[in-house]
Amino acid sequence: MPGERGVLGTFGDPGAAARAVRALRAAGLRVDAAMPAPFPELVEALGKHRSRLGLVTFPGAVTGLCLGVLLTVGTSLAWRLVTGGKPIVSVPPFVIVIFELTVLVGSLTNLVAVVVGGARGAKRQAAVAAAEAVGDRIAVFAAGDPAAAARLLREGGAEEVRDVP
Amino acid sequence: MRDPSERRVGRRTFFRITGAAGAAGVAAGCSPQAATERLVPWIVPPEDVVPGQPLYYRTACRECSAGCGVTARTREGRATKLEGNPEDPIGRGALCARGQAAIQGLYHPERFRGPLRRGPGGALAPLSWDEAEDALAQSVAAAGAKGPGRVRLLTRLEPGATGAVQRAFMKAAGARPRDRVVLEPFDPAPLRIAARALLGADGLPVFDLAEARSIVAFGADFLETWRSPVEGARQLAAGRGRLGEDRTRVTWVGPRLSLTGVSADRWVRCRSGGEGAVALGLLRVLLDPARSVAVAAEVAPLSPRVARLDPRDLADRAGVPWEEIERLALELGRRRPSALLGPGAQSQGAGAVQLAAVATILDVALGNVGRTVFHGRDQREDVPSSADEVGALLAAAAAGEVDVLLVHHADPVGTLPASFHAREALAKVPLVVSFALRPDPTTALGHLVLPDNHALESFDDVAVRAGVVNLVQPVMTPLADTRQAAQVLAEVGTRLPTPAAFPSTDPFDLLLARAADHARAALGTAPADLATVHRDALQRGGHWSAPPPSRPPRLDAHAAEPFLALPAPAGGMPSELDLVVFPTALRGDGRGADLPWLREVPDTLSSVSWSPWLEVSPATAKRLGVATGELVAVSTPAGRAEVPAYVFPGIRDDAVGLPIGPEALALLPAESAPTFRWSGVRATVARTGGRTRLPVLEGSPYQHGRELVPVVSAAAPSPHRPDLSAKMYPEPTHPQHRWAMAIDLDRCTGCQACMVACHAENNVPVMGAQAATEGRYMGWIRVERYLGEAPGADLDVRLLPMLCQQCTNAPCEPVCPVYATYHTPEGLNAQIYNRCVGTRYCSNNCPYKVRTFNWRDAQFERPLDMQLNPDVTVRSRGVMEKCTFCIQRIRHGENEARDEGRPVRDGEIVPACAQTCPAQAIVFGDAKDPDSRVSRLARDGRAFRALEETNAQPAITYLAGVRQRGET
Amino acid sequence: MTTSTGEAFRSIEETVRATHGRPGPAYWIGLAIAGSVAAFGAWSYSLIVRTGLHWTGLERPGMWGNLITDFVFWVGIAHSGTLISAILFLFRARFRTAVYRIAEMMTVFAVLTAGLYPILHLGRPWFAHWLFPYPNQRGLWPNFRSPLIWDVFAVSTYLIVSTVFLLVGVAPDAAALRARATGWRRRLYGVLAFGWKGTDEQWRHYTRAYLFFAAFATPLVVSVHSVVSWDFAVSILPGWHSTLFPPYFVAGAILSGVAMVITILIPVRRAFRLETLIELRHIDMLARLVILTGLIVTYSYATEILLALQGPAGDPERSTFLYRMTGPYAFVFWTMVACNCVGPALLLWNRVRRSTPLLMGICIAVNVGMWLERFNIVVSSLSHDRLPFDWRIYVPTWVEWAMTVGAFGWFFTLFMIGMKILPPVSIAELKEEAAHASHEGAAHAG
């Protein structure tokens, strides 16, 4: 939450960060983290639920599928031109177009989803978004009881601990 | 030249016939220039002109001496297409390739725009008609004053008003009859001589091949150029239509398989010049008492003389086994009546007169005279001069004995063998006057050029034969400031010291003056009101009547004796080859062979266009070490020529074939004989090492075991067809019509009239030689020619006219991304040019490869663009195009029917190709109507479809050709 | 130890940043050559636009030639990228990490090349937009039964998806590079980073989305070249009409694509000092892919030919294949066999595979061979169709060759520019790898 007071510690090593995070969470503190790469142990330590991106992407794909059906079948019926003695609605060829549209719209919604989701994440976790966290450091932010958080971070081997904001 | 009174004597006559022949109205108000240039609309439009509606005129073809009737279609005052005149007894509505191309002579970009005189600088400069005619009158008067022979006239065959005017003019000019020389190099003069000598008959015999059960053609290409090819093709088709023993059987005798030979059932491969020996051999067998073949009594006296001929000698002279001659003779004895045709250009050598004589005797012996061969029916108006007379004229010219030489549609420099030295001779003449339409080698030597009107701008009549006079009338106002030659001669003639007496100088009156005789001949009596009769004749196209009965001529046995000697053996070095010079359906005798369509359309047999070629048999090619496209040097005593070789199994190993043209003319000798000599010349042939990309259309001439063009025989009456009963989808339905076509391969002679008709009707562009070498011929219909199964296999030529098959399951349609081609409710495979983006997938997927692509923008050089059919789009570059079954004609027919509130009649709608087919091999109609001709033909036992196994369901049904090879 | 991980991270970033340094003369010369080759190709094409396709050697019956061959070839090249990044991602093949970014760049640029050629070969290219479905005054929509329309959809979808895939992968790296970038680079990376902060929520969405992209891309890869193969297989032309084509083409595409990746990686890792990140073992794994696909392609050739030869004597199919092997195009056929069947087979020997020059040579040979394969399929079938009377031989003109070579110029121009802008390896994933490694190191140490 923006403007929330807390302590930020930076680590060089994902393992250490993970241990610190576990300690902080054991102490009942809410923890956010920022890192240059999705280190599995750290993500695991944070123990947050999985992203629900699929809830957006899947309907997107389905929309693409419907669009495909509408486009192929609809336009063929709108002006019935016989080619090669084949039926006006020739399913097999249409399936190809429908598939392509499913993939296209699906991945585009997926893109929108990840961009929006990412922006919201950045906003909600503005506190932890430290510059070096995209580079070579891992930032761990703990909200609530600053003193305890700072102590635990130092014990966890944080290279640097500072209050934010 | 802008003075209207100056320009339009012809126009007044137009008004006159406007009154007379109602149809002609259009020509009055709108000359083509007006049609294209006038911006102000008519206030009172001429009532005959319905914009968008075609107007038809009847006239006659002047491209060769056959004189077929013509129906000219005009639109907004300009002729757009020539078709046959269905009422005309010669063509019966058909017109050959050359006849249709005549319209390109009308619109030829190089046509003279007005009279020209060669100035001191040697360049031709325009002058007025008055000046020109005065100049001519003075020179003729001056020359005539010096005595006879100073004024000469060299003309093409003019059996009509023009000829009459010429004779009257020459008389007035003080010339002798023989000072008017008729140049018709390909006239079968030997036949005249023989008929005269043996039967005392004048003129050439007229043939009715429909009745003949056997036809033997001694080098007479009666389906291409000989006598009346359109008529020949129709009559043969009729005879071929009879089934069983009565079916006409054709034998081709000659060293080279001509297109006519392709239609024959048997090819007697005699050596060049051996035709006479073959004919004698036939006579020898037929008159052999041991054979006891019934022959006409008047021939009987000849049998002892003939019996003296040794079969072995004859076989040796002929170059074919005696048994073959024997078999043919016995067949002729059994199958009557028959017709023996010859000689043609390809057999017109030293022995031509003997060949003609023996053929005539055979006709008498077999009782053909009066059944298939008729004497005394030839036209009497005009007779071609002999080679001697032509030679004499040129000699006189060379000797400086000619002051004025009038050249009327004859091109001695360009169409006579170079060894006649016409160029040098004409150079000696002080005044050469040419009436040519456009520059040719002779006009290059002309001092005064008085361009004649094109036949489509003229009044004239053509006496084709007894009882047939076809009338020539203008179908549009002259394009340029030209004047009809007859009129010029008449006008000049009246200014001579001893004026010629002409009824008028107006071509229309000159024609009308003759109408009385024609009418009398036709009706038997003098007509009450000539004007009406004449008008009807003009609208109909001619004066026609049953030929007058002529008593059958009797054979003079004594006169026959000298023709029965054993022909001389083949002379010359063994290293030399016989040179066979042959005309083709497109080139004719060489005149007008430069018309774009005739050059663009590939020759059926060689598939070569835009170039001469030397036919060399595979064995000879191997010996000379040449392949198709390599240049070979051909030399004779008369000259030398370099021609690309074309390896062709249809020619003897001891001969080479060369189509008529400058190259051939350079090689031929000038014989001091009564007849021109086209064959029997020995030539040395050697490879030069050079090579060209010969423009051939063919890829592989072999069927490679694919059974593409099946044939049927008594043994196997139907071609094998695959079982296509299994269906994947319901067939598309055709609510009203399903247009379809049937092509009878037994009738098709490969004459290519259909190809030219398609060019004319559908604005198919001429792309030129370069495009031809690149295989980019744009024609919508082509004649595929297969020589046999595989290289080296025995020669079995089969023709397959290939055009869009308008398939029900057209493979070209589903692959088009933009619906540029689709299946119409009337069953047509439509091609919408302005939708096409040019992916060319349709052509890749077309099993028949009948789609042509516009690789570049087509050029229609002015005024050739005036011929374009306004009902058909001119396609732009980058789009695909193909045969449409002449959709514009289909729509026209449907609209006519709708206006009259009736269904479309079967046979009412006819595509251009079907319309002009001399053999009526192409039938078009509605496949939904079970009684239509096309449906009935589709059920015929001979029916098959091209590449049927692809299941494209074509709308075109082919009827397999019938083979009776070997059967006797 | 903590520092060591950070060191590793920093060194990765440094190596990558180094590739973006001021280009040397070699780079400029290379770029100039590529650019001018592309320009010449473009000029040659302008001739066709001006006066028509008569500049080509095309003639009935062969209406397709070099340009379509180029299209199929470049679509094929475009396949390895998505294969390596998506399919190997799903298979959790670790070696992909080092090489997939370059492969993806290659994919996008190859599609950009391939997409041009169907348009360039049109008779009326200025109407190319008619192939796309949009409401128009003609009331006419494209014909969805036409394989060419499938192409339009497949290729444009493929272009969009693979571009998105590339950019999404780049986002975290862009954020990383942005930190110390200046001027336009800073702005550019700012945009490419999509406001990337690397917070755990972002990473959770990101990893999930990446999985979905991979899931979409994988069937797409397979579909695209199947569709391209249907351009031929759907027709009824002997030599084209074959149900074998889709798998055959996909395998061929991957073969040519991977070969191209190797062809590019070998010089690039040297020129851009990436030896530490793109190691020989990575390339070795790719070489093994070449072997696999090469064997599949060989199998396809054999099947196709053997089936065709079953036909009766007069069978057009049989005739076409005999024509390929013995006719005027025989040299094309046999060169193709040598390059695509023998070449990859040689890689079975470790010594061959490990020797960089040999590997390079074989991969180039495979690319030549794959171009010839497409030429062989397109041209030899067309010039020997059902009616022997129409058979004609197609020979490309200099204009077509100029356009064919121009394609390479265009591709390498794009690629060289791309190398100077985009990170040639995935920084984030390498960091993950590095952390993993050091972690294990720690485990052993501890």
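**Observations concerning the confidence of the model for chain A**
Part 1 of the reasoning: For chain A, the mean per-residue pLDDT works out to 89, and 97% of the residues sit at or above 70.
Part 2 of the reasoning: Per-element confidence in chain A is highest for helix H3 (residues 54–78) of chain A, whose mean pLDDT is 95, and lowest for strand S4 (residues 160–164) of chain A, whose mean pLDDT is 84.

**Topic: the state of the cysteines**
Part 1 of the reasoning: Applying the stated criterion to the full structure yields zero disulfides over all chains.
Part 2 of the reasoning: Free of any disulfide, B:Cys836 has its nearest neighbouring cysteine sulfur in B:Cys842, separated by 6.3 Å.

**A look at unusual backbone geometry**
Comment: phi is negative for the bulk of residues other than glycine, and the bulk of peptide bonds are trans.
Part 1 of the reasoning: Of the consecutive residues B:Arg862 and B:Pro863, the connecting peptide bond is found in the cis state with omega at -5 degrees.
Part 2 of the reasoning: Within the secondary structure, B:Pro863 sits in the loop between strand S32 (852–853) and strand S33 (880–881).
Part 3 of the reasoning: That bond from C:Arg60 to C:Pro61 is cis: its omega, 5 degrees, falls within 30 degrees of zero.
Part 4 of the reasoning: Among the structural elements, C:Pro61 can be located in the loop between helix H2 (25–51) and helix H3 (66–90).

**Re the domain arrangement of chain B**
Residue and element names in this part refer to chain B.
Part 1 of the reasoning: The domains assigned to chain B are domain 1 (206–374), domain 2 (577–691) and domain 3 (711–719 + 734–962).
Part 2 of the reasoning: At the junction of the two partners, domain 1 supplies 13 residues and domain 3 supplies 13 residues.
Part 3 of the reasoning: Counting the surface lost from both domain 1 and domain 3, the interface buries some 1000 Å², and carbon and sulfur atoms represent 63% of this.
Part 4 of the reasoning: The interface formed by domain 1 and domain 3 holds one salt bridge in total.
Part 5 of the reasoning: Taken together, domain 1 and domain 3 are joined by one residue pair in polar contact (both at pLDDT 80 or more).
Part 6 of the reasoning: Those elements that provide at least two residues to the side of domain 1 that touches domain 3 are helix H9 (229–241) and helix H10 (259–262).
Part 7 of the reasoning: In terms of residues, the side of domain 1 that touches domain 3 owes the most to one element, H9, which gives five residues.
Part 8 of the reasoning: Of the residues assigned to the side of domain 1 that touches domain 3, the class counts are eight nonpolar, one polar and four charged.

**So, the interface of chain B and chain C**
Part 1 of the reasoning: The interface of chain B with chain C comprises 61 residues on the first partner and 53 residues on the second.
Part 2 of the reasoning: Summed over both partners, the interface of chain B with chain C comes to about 4700 Å²; 55% of that surface belongs to carbon and sulfur atoms.
Part 3 of the reasoning: The interface formed by chain B and chain C includes two salt bridges.
Part 4 of the reasoning: With a closest N to O distance of 3.3 Å, B:Lys849 and C:Asp385 form a salt bridge.
Part 5 of the reasoning: Applying the counting criterion to the chain B and chain C interface returns 37 residue pairs in polar contact (both at pLDDT 80 or more).

**Observations regarding the side chain of B:Arg213**
All names here are of chain B.
Part 1 of the reasoning: Within the fold, Arg213 resides in the loop between strand S8 (206–207) and strand S9 (214–218).
Part 2 of the reasoning: For Arg213, a relative accessible area of 17% puts it in the buried group.
Part 3 of the reasoning: Here Glu245 takes part through its backbone oxygen, which lies 3.4 Å from a polar atom of the side chain of Arg213.
Part 4 of the reasoning: When residues no more than four places from it in sequence are discounted, the contact partners of Arg213 are Arg242, Glu245, Asp246, Arg247, Thr248, Arg249, Arg334, Arg335, Arg336 and Pro337.

**Quick notes on a nonpolar patch on the surface**
Residue and element names in this part refer to chain A.
Part 1 of the reasoning: The grouping of Leu77, Val89, Val91 and Val95 at the surface amounts to a nonpolar patch, some 290 Å² of accessible area in total.
Part 2 of the reasoning: Its place among the elements puts Leu77 in helix H3.
Part 3 of the reasoning: Owing to a relative accessible area of 36%, Leu77 belongs among the partly exposed residues under this scheme.

**Describing the sheet that holds strand S1 (residues 6–11) of chain A**
Residue and element names in this part refer to chain A.
Part 1 of the reasoning: Taken in spatial order, the four strands line up as S2-S3-S1-S4 in an open sheet, and their pairing is antiparallel. Of all the strands in the sheet, the pair left with one neighbour each is strand S2 (30–34) and S4. Strand-to-strand twist of the sheet, defined as the mean angle between neighbouring strand axes without regard to direction, takes the value 25 degrees.
Part 2 of the reasoning: Bridge count for S1 against S4 is five bridges, and the pairing is antiparallel. Along S4, the bridge assignment pairs Thr10 with Glu160.
Part 3 of the reasoning: Packing of helix H5 (residues 146–155) onto the sheet brings it into contact with S1, strand S3 (138–143) and S4, and relative to S1 it is tilted by some 10 degrees.

**Quick look at the pattern of salt bridges**
Pairs can form between side chains of opposite charge once their charged atoms are near each other.
Part 1 of the reasoning: Here the structure, examined in full by the defined rule, presents 95 salt bridges over all chains.
Part 2 of the reasoning: One salt bridge in this structure joins B:Arg180 and B:Asp382, with 2.8 Å as the shortest N-O distance. Of this pair, B:Arg180 sits in strand S7 (residues 180–182) while B:Asp382 sits in the loop between strand S13 (373–374) and helix H16 (387–398), and the two are 202 residues apart along the sequence. As far as the burial class goes, B:Arg180 and B:Asp382 line up, both buried.
Part 3 of the reasoning: When the shortest N-O distance is used, the salt bridge between C:Glu373 and C:Arg374 registers 3.9 Å.
Part 4 of the reasoning: C:Glu373 gets classed as buried once you look at its relative accessible area, which sits at 1%.
Part 5 of the reasoning: Among the charged side chains, a network of salt bridges with common partners joins B:Arg167, B:Arg180, B:Glu381, B:Asp382, B:Asp461 and B:Arg514.

**Points about helix H7 (residues 200–233) of chain C**
Part 1 of the reasoning: Over its 34 residues, H7(C) runs 49 Å from end to end, which matches the ideal 50 Å to within 8%, given 1.5 Å per residue.
Part 2 of the reasoning: Buried residues dominate H7(C), accounting for 28 of its 34 residues.

**So, the sheet that holds strand S3 (residues 78–84) of chain B**
Residue and element names in this part refer to chain B.
Part 1 of the reasoning: Strand order in this open sheet of three strands is S1-S2-S3, and the pairing throughout is antiparallel. The open sheet has two free edges, formed respectively by strand S1 (55–60) and S3, since each of these has just one partner strand. The mean angle between the axes of side-by-side strands here comes to 30 degrees, regardless of whether they run parallel or antiparallel.
Part 2 of the reasoning: Two elements, strand S2 (residues 69–75) and S3, share six bridges in a ladder whose sense is antiparallel. Across the sheet, residue Ala72 finds its bridge partner in S3, namely Leu82.

**Topic: the pairing of strand S23 (residues 639–647) of chain B**
Residues and elements named next belong to chain B.
Part 1 of the reasoning: Pairing analysis gives three bridges linking strand S21 (residues 614–616) to S23, with the strands arranged parallel. Pairing of Leu614 across the sheet is with Ala645, part of S23.
Part 2 of the reasoning: Counting the residues between successive antiparallel strands, the hairpin from strand S22 (residues 630–636) to S23 contains two residues.

**Considerations on the interface of chain A and chain B**
Part 1 of the reasoning: With eight residues of chain A in contact, the opposing surface of chain B contributes 13 residues.
Part 2 of the reasoning: With both sides pooled, the region where chain A packs onto chain B buries about 910 Å², and carbon together with sulfur makes up 68% of that total.
Part 3 of the reasoning: If you look at where chain A meets chain B, you find two residue pairs in polar contact (both at pLDDT 80 or more).
Part 4 of the reasoning: Tallied by class, residues from the side of chain A that touches chain B come to four nonpolar, three polar and one charged.

**Considerations on the packing of aromatic side chains**
Part 1 of the reasoning: A full pass over the atoms with the stated rule returns 52 aromatic pairs over all chains.
Part 2 of the reasoning: The interplanar angle of 85 degrees and the centroid separation of 5.6 Å between the aromatic rings of C:Phe245 and C:Tyr248 together place this pair among those described as edge-to-face. Note that C:Phe245 and C:Tyr248 are positioned in helix H8 (residues 245–271) at a spacing of three residues, about one turn of the helix. Like C:Tyr248, C:Phe245 is buried.
Part 3 of the reasoning: A centroid spacing of 6.1 Å and a plane angle of 70 degrees characterise the contact between C:Tyr329 and C:Phe375, whose relative ring orientation is edge-to-face. Here C:Tyr329 is found in the loop between helix H10 (316–326) and helix H11 (330–346), whereas its partner C:Phe375 is found in helix H13 (residues 356–382), with 46 residues between them in sequence. There is no split in this pair, since C:Tyr329 and C:Phe375 are both buried.
Part 4 of the reasoning: Taken together through their ring pairs, the aromatic side chains of B:Tyr841, C:Trp64, C:Phe232, C:Trp240, C:Phe245, C:Tyr248, C:Phe249 and C:Tyr301 make up a single cluster.
Part 5 of the reasoning: Over the aromatic face of B:Phe853 sits the side chain of B:Arg840, whose NZ or CZ is 5.2 Å from the ring centroid.

Rules used throughout
Residues numbered from 1 in each chain as written. Chains lettered and ligands numbered in written order. Predicted model: local features only at pLDDT ≥ 70, side-chain atom pairs only at ≥ 80, totals over all residues. Heavy atoms only, no water. pLDDT = per-residue confidence, 0-100. Helix = DSSP H or I, 4+ residues; strand = E, 2+ residues; numbered from the N terminus. Disulfide = S-S within 2.5 Å. Domains from an automatic or database assignment. Contact = heavy atoms within 4.5 Å. Buried area = accessible area lost by both parts, 1.4 Å probe. Salt bridge = Lys/Arg side-chain N within 4 Å of Asp/Glu carboxyl O. Polar contact = N/O pair within 3.5 Å; in protein donor to acceptor, adjacent residues only side chain to side chain. Nonpolar A, V, L, I, M, F, W, Y, C, P; charged D, E, K, R; others polar. Buried < 20%, exposed > 50% of the residue type's maximum accessible area, 1.4 Å probe, protein only. Patch = residues over 30% accessible without salt bridge, like charges linked within 9 Å, V, L, I, M, F, W, Y side chains within 5 Å. Areas by Shrake-Rupley, 256 points an atom, 1.4 Å probe, with all protein chains shown as cover. Pairing = 2+ DSSP bridges. Axes fitted to C-alpha atoms, helices over the stretch in contact; angles between N-to-C directions. Expected span 1.5 Å × (residues − 1). Phe/Tyr/Trp six-rings, centres within 6.5 Å; stacked < 30°, edge-to-face > 60°. Lys NZ or Arg CZ within 6 Å of the ring centre and 35° of its normal.

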